[in-house]
Amino acid sequence: MRLNIIEVARRLELPPGTVERWIRQGRIPIQKIGHDCIFEAAALEKWARNHHLCFTITDGNPDKKTEETGAGDHDSLLSAMKRGQVFYHITGEGVQAVLTAAVEKLPDLSHPKKTILLEKLLEREHLTSTGIGNGIAMPHPRTQPSDIVVEPMVSTFFLAQPVDYNAIDDQPVSVLFLLLSPNVKSHLHLLSRLSFCVRDDAFVSFLKSVPDRDPFFRKVADFEEKLDKAEYGRSQ
Amino acid sequence: MLKIFMAWHYPAQWKIFRSDDRLLLILIGIIVGICSGLAAFLLNYSLVSLLHWLHPYRHLWWAFVLPAIGAAMSSLFLEKIVNEGAGHGVPEVIYSVSRHGGLMRFRSSFSRLIASCLTIGSGGSAGPEAPVVMSGGAIGSNIAQFFELNDRQRITLVGCGAAGAIASIFNAPVAAMVFAMEVILGEWSSVHIVPIAIASVAGAEISRLFQGNQIAFSHRQFHIDFLDIMASFGLAVLTAAASILLTRMLRKMGGVSRKVPMPIWGRAAVGGCAVGLLGIFLPDVLGEGYDAIRAMIEGLYAPGIMVVAIGVLAKILATSLTLGWGGSGGIFAPALVIGSFVGVTYHRLLALILPSVPWVNEGCYALLGMAGLISGLLQAPLTGMFLIFEITGSYEVMLPLIIVSALSTTICHSFEPASFYLRDLVERGQLLRPRTDAKVLADLTVRELLEKDCIVVRPNMLLREFMHVVQKSRRNYYPVEDEKNGRFLGMIHFDDIRPYIFNTIMYDTVLVDQVMDTFVDTVQLDDDLKDVLQKMDAKGLYSMPVISNGCFVGMISKATILDRYRKELMVQTSL
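All of these numbers come straight from a predicted model, not from anything done at the bench.

**A closer look at the overall build of chain A**
Point 1. What chain A contains, in helices and strands, is 10 helices and eight strands.
Point 2. Residues counted as buried form 44% of the 236 residues belonging to chain A.
Point 3. Contacts spanning at least 24 positions in sequence make up 63% of the contacts within chain A whose residues lie at least 6 apart.
Point 4. Counting only carbon and sulfur atoms, one obtains 52% of the accessible surface of chain A, whose full area is about 12400 Å².

The structure is reproduced here in structure tokens:
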């Protein structure tokens, strides 16, 4: 097999300088011709195993790559919200009733899954309320159910009447953001983006007006743009 | 045509050798053994001819200047023509093996041969073995370079060259093998031992081809009693004392001669003159001295006990005058002569004190003395044992031989922690035996350990901006760089800003250069890892910035060092 030194070094997860030195010192079963390394894949794999080094003949480490890309470009809040949709006039008395009504509205979910999800949401509410104040609550399961959703989504529910939600500021809640993510990372990402929006007084009073879908999405898009700008500024 | 030549030129790339190069090393080892055996034979032959040629002049009154002329010429040759330092060359071989993967210059393969031939042939007290070892090693190294072999293979071939040379000059293949492993390579592994054994055989065969299968020193039958074995303990102490004396004398002489305001060849001439004057009174101290050894082993050495005892001191003095003042040659042969003098003195002393005991003849004690001196001087007991066993062919002396060799090595080791060959290297911190901490640290470079995941910040950044950087970063260290010329200014550790993290008022009032640490210990890109670790240990640091041309290039941390050190150790220890 013939590869260049950089490739070999990457697959061994070592700096190229080390691999080059090992070849020169004759410690590794690789022959070098110019910048190319010639080796027998099986022999090198065996050697690496014997020396507790990792060597994969396939290009790079696929797990790592997806993880990195996953962390790199998360979904935007807007697309998650569009996936989750907006629902109006949710009725119910008390936490359990509104959540039951809300989960019932969720699209693309089979009945048994909805039952499981509702249980999980109530379990989380039992721990501490997700009512974060200003009449807003963010119900979400404690562990991220990868079998329920494949893509992160945020569903918005406007309640018909404010409900006592045991929120931290004791105010009744009139808006629910239901967060569902396949993994913890995207959950935290969405949570931090959403909390950026709801911290803003303007956004809260905008929510109080129970906006239609389109103006609501536009507002969210505006806020995300602001957030992106701030983050872009940091990385500069 | 060119293609065929290229294929021959890179045998390491042939398919049969690619996975396992043992066969290749054995084949090339044979070539190396033959070449170094030839070199050894050549030196031996020219020494004998030079002795014959100079023999008529030895009795003239001005003969004492002969060693001076020889030593001066050898010194001039080394200094002016081939541009190499004086000395016997074994430390150079060991250093090149441990540090440069056995890389040696081509000229080393003949320079010491000529220089030592001039020194010894003219009467200087030195031996031809060490120069031959250097030549053999250089031959092995250059053949390896010709075939474009890697460091490990080249080291094996340097060992092959040394073994072939010793095997040829003493006609002692086993001792040669043991010497190459014990002294030159410093490790015992099957990868080395097979080619080296083959090379020893080749070297010994060359010597037998030209000179016949003769043992250097033949002997008579010995009948060793229990009392002789007991007596060998005393001999071990004496030989150890003689080795220590020789080692220290050589060193002292080197120190004294360096203070003399003279060119190097002038010093060699002075030393040679002194040896020549000494030789007027005790001609046995001149040259390699094998004739004296032969006489002593035969039990035919005529002079009385006082002369022999003085002979020990005189030979030590002559050897240190020759080698310490700039002559060229080894200490192998002088050590053998001194050893046999010591042995004979001890035997005669015993016979004087306890005349009623039927001691074995003095030839046997001469042999034991030689083994004791070689073992003590080189601190290589196996080499001493096998050499004496082989060059005399007497298995009967094995028991006292083991006692004398082992004990002499032990005693010498407690007085001189490093052997004669290694002492200079140890003092310069250049002794890097395989599979040791020093070797692993010397092989790893700062460049290979760089961590480049640090985010660089600017000195006029506000704390607020800096907090954003902190949010992004995975590290606790932030190097600060000058905006204009990119020079490294200092470091910020996360601890430096920890008190202000939650104080938002300070976000817009504090600048980065107000919190940065400007007095940071830094590492240069080409620093030795040993020094870097020493610095870290001394100051209790776990990470240090690496600077090149005043610019920050990365961090080096103990965590990465441990990780890579372990990998390196695993790769180096399991061959």
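**Quick word on the side chain of B:Thr319**
Point 1. Tracing the backbone through its elements, the reader meets B:Thr319 in helix α14 (residues 305-324).
Point 2. Ignoring sequence-local partners within four residues, the contact set of B:Thr319 consists of B:Ser125, B:Leu246, B:Leu250, B:Gly324 and B:Pro334.

**A few points about the interface of chain B and chain A**
Point 1. Tallying the contact residues gives 20 residues for chain B and 22 residues for chain A.
Point 2. For the chain B and chain A pair, buried surface summed over both sides reaches about 2100 Å², with 52% attributable to carbon and sulfur atoms.
Point 3. Applying the counting rule to chain B against chain A returns four salt bridges.
Point 4. Ionic pairing is found between A:Arg21 and B:Glu568, a salt bridge with its closest N-O pair at 2.9 Å.
Point 5. Breaking the side of chain B that touches chain A down by element, the ones donating at least two residues are α8 (151-170), α20 (437-443), α21 (463-472) and α26 (558-573) of chain B.
Point 6. For the side of chain B that touches chain A, the element with the most residues is α26(B), which contributes six residues.
Point 7. Its residues placed into classes, the side of chain B that touches chain A shows four nonpolar, six polar and 10 charged.

**Notes on the confidence of the model for chain A**
Point 1. For chain A, the average pLDDT comes to 83, and 90% of its residues sit at 70 or higher.
Point 2. Overall, residues 60-72 of chain A carries pLDDT values under 50, and its contacts beyond four positions in sequence, including any with other chains, amount to four contacts.

**Points about unusual backbone geometry**
Point 1. Of note, the phi angle at A:Asn166 is positive, near 55 degrees, even though the residue is not glycine.
Point 2. Secondary-structure assignment places A:Asn166 in the loop between β7 (153-163) and β8 (173-180).
Point 3. By relative accessible area, which is 54% here, A:Asn166 ends up exposed.
Point 4. Even without a glycine there, the phi angle at B:Gln379 is positive, about 50 degrees.
Point 5. Position of B:Gln379 relative to the elements: it lies in the loop between α16 (362-378) and α17 (381-392).

**Section: the pattern of salt bridges**
Point 1. Scanning all chains against the criterion turns up 30 salt bridges over all chains.
Point 2. Residue B:Arg154 pairs with B:Asp151 through a salt bridge whose shortest N-O separation is 2.9 Å. Of the two residues, B:Arg154 and B:Asp151 are both situated in helix α8; the distance of three residues between them amounts to about one turn of the helix. Accessibility assignment for this pair places B:Arg154 and B:Asp151 in one class, buried.
Point 3. Each of the salt bridges in this network shares a partner with another, and the network as a whole consists of A:Glu7, A:Arg10 and A:Arg11.

**Looking at the environment of B:Ala126**
All names here are of chain B.
Point 1. Residue placement: Ala 126 occurs in the loop between α6 (108-121) and α7 (129-146).
Point 2. On the accessibility criterion, Ala 126 (0% relative accessible area) is buried.
Point 3. In this structure the C-alpha to C-alpha distance between Ala 126 and Asp 531, which are 405 residues apart in sequence, comes to 39 Å.
Point 4. Ignoring sequence-local partners within four residues, the contact set of Ala 126 consists of Ile 120, Gly 287, Glu 288, Thr 322, Leu 323, Ser 328, Gly 329, Gly 330, Ala 333 and Pro 334.

**A short note on the sheet that holds β8(A)**
All names here are of chain A.
Point 1. An order of β4-β7-β8-β6-β5 is seen for the five strands of this open sheet, with the pairing classed as mixed. Of all the strands in the sheet, the pair left with one neighbour each is β4 (86-90) and β5 (131-133).
Point 2. For β7 and β8, the ladder comprises seven bridges, and the chain directions are antiparallel. In the sheet register, Thr 156 faces β8, and the bridge partner there is Phe 177.
Point 3. Here helix α5 (residues 77-84) sits on the sheet in contact with β4, β7 and β8, set at roughly 65 degrees to β7.

Conventions we followed
Residues numbered from 1 in each chain as written. Chains lettered and ligands numbered in written order. Predicted model: local features only at pLDDT ≥ 70, side-chain atom pairs only at ≥ 80, totals over all residues. Heavy atoms only, no water. Helix = DSSP H or I, 4+ residues; strand = E, 2+ residues; numbered from the N terminus. Buried < 20%, exposed > 50% of the residue type's maximum accessible area, 1.4 Å probe, protein only. Contact = heavy atoms within 4.5 Å. Areas by Shrake-Rupley, 256 points an atom, 1.4 Å probe, with all protein chains shown as cover. Buried area = accessible area lost by both parts, 1.4 Å probe. Salt bridge = Lys/Arg side-chain N within 4 Å of Asp/Glu carboxyl O. Nonpolar A, V, L, I, M, F, W, Y, C, P; charged D, E, K, R; others polar. pLDDT = per-residue confidence, 0-100. Pairing = 2+ DSSP bridges. Axes fitted to C-alpha atoms, helices over the stretch in contact; angles between N-to-C directions.

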